Amino acid sequence: MDLASLQTGISLRDRHLKEEYLHVDRYPQARLTLSHLDISRLPEGATFGAVAIPFEGTLLLHGVEKPVSGQAKVSRNDSRVAVSAQFSISLGDFGVGVPKYMGITVAEKVDVKAAFSAAVGLTRDVARR
């Protein structure tokens, strides 16, 4: 994720978060890499609703890479697969200070949500086998 695109809904809060805590100028990207996602639990077929399955992976944030685990929801609609993952992190584990502004403090432990979708399909070579 390009952290410069992060928006909280308040431009001043966005600027403080990006400049004072995430240091986006030095660490412009965050990356979640899934290392284990047991897709054997997914239903067969071209279409199925969201199925919750545990995952393991690593999160790169603020120049620090740490293991994470959580719950992913996977669904499929013909040629597209959608995945959303949710997990918790402690900001201090990644060297990020706890954001404070005008007497309001964010919790040190925060929930992270990530989502993506991808096109799926068989190539002709795979389909013939």
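Thresholds, definitions, all that
Residues numbered from 1 in each chain as written. Predicted model: local features only at pLDDT ≥ 70, side-chain atom pairs only at ≥ 80, totals over all residues. Heavy atoms only, no water. Helix = DSSP H or I, 4+ residues; strand = E, 2+ residues; numbered from the N terminus. Buried < 20%, exposed > 50% of the residue type's maximum accessible area, 1.4 Å probe, protein only. Contact = heavy atoms within 4.5 Å. Pairing = 2+ DSSP bridges. Salt bridge = Lys/Arg side-chain N within 4 Å of Asp/Glu carboxyl O.

*Asks:* Got a minute to help me understand the environment of Lys109 in this structure?
*Replies:* In this structure, Lys109 sits in strand β7 (residues 109–119). Look at Lys109 and you get exposed, because its relative accessible area is 57%. Those residues within four positions of Lys109 in sequence are excluded, and the remaining contacts are Ser88, Ile89 and Ser90.

*Asks:* Explain the pairing of strand β3 (residues 64–77) to me, please; I cannot follow it from the model alone.
*Replies:* Every other side chain in a regular strand lies on the same face of the sheet, so the side chains alternate between the two faces. Sheet topology places strand β2 (residues 47–61) next to β3; 13 bridges connect them, and they run antiparallel. Bridge pairing in β3 links Thr58 to Pro67. Sheet topology note: the β3/strand β4 (residues 80–90) ladder contains 7 bridges and is antiparallel. Looking at the pairing, Ser75 lines up with Ala82 of β4. Joining the antiparallel neighbours β3 and β4 is a turn of 2 residues, in which Asp78 adopts a positive phi near 55°.

*Asks:* Honestly, the environment of Arg41 in this entry has me stumped. Any pointers?
*Replies:* Here Arg41 lies in the loop between β1 (31–37) and β2. Judged by relative accessible area, which is 47%, Arg41 ranks as partly exposed. Sequence-wise, Arg41 and Ala30 are 11 residues apart; in three dimensions their C-alpha atoms are separated by 28 Å. Once you skip the residues sitting within four places of it in the chain, Arg41 turns out to touch Val51, Ala52, Ile53 and Pro54.

*Asks:* Sorry, what's going on with the pattern of salt bridges here?
*Replies:* Note that side chains of opposite charge can pair when their charged atoms are close. Counted by the stated rule, this structure contains 2 salt bridges. The partner of Glu19 in a salt bridge is Arg15, and the shortest N-O contact between them spans 3.8 Å. Taken together, the positions of Glu19 and Arg15, both in helix α1 (residues 11–21) and 4 residues apart, correspond to about one turn of that helix. Among the residues examined, Glu19 registers a relative accessible area of 46% and is labelled partly exposed. On the basis of relative accessible area, Arg15 is assigned to the partly exposed category, the value being 44%.

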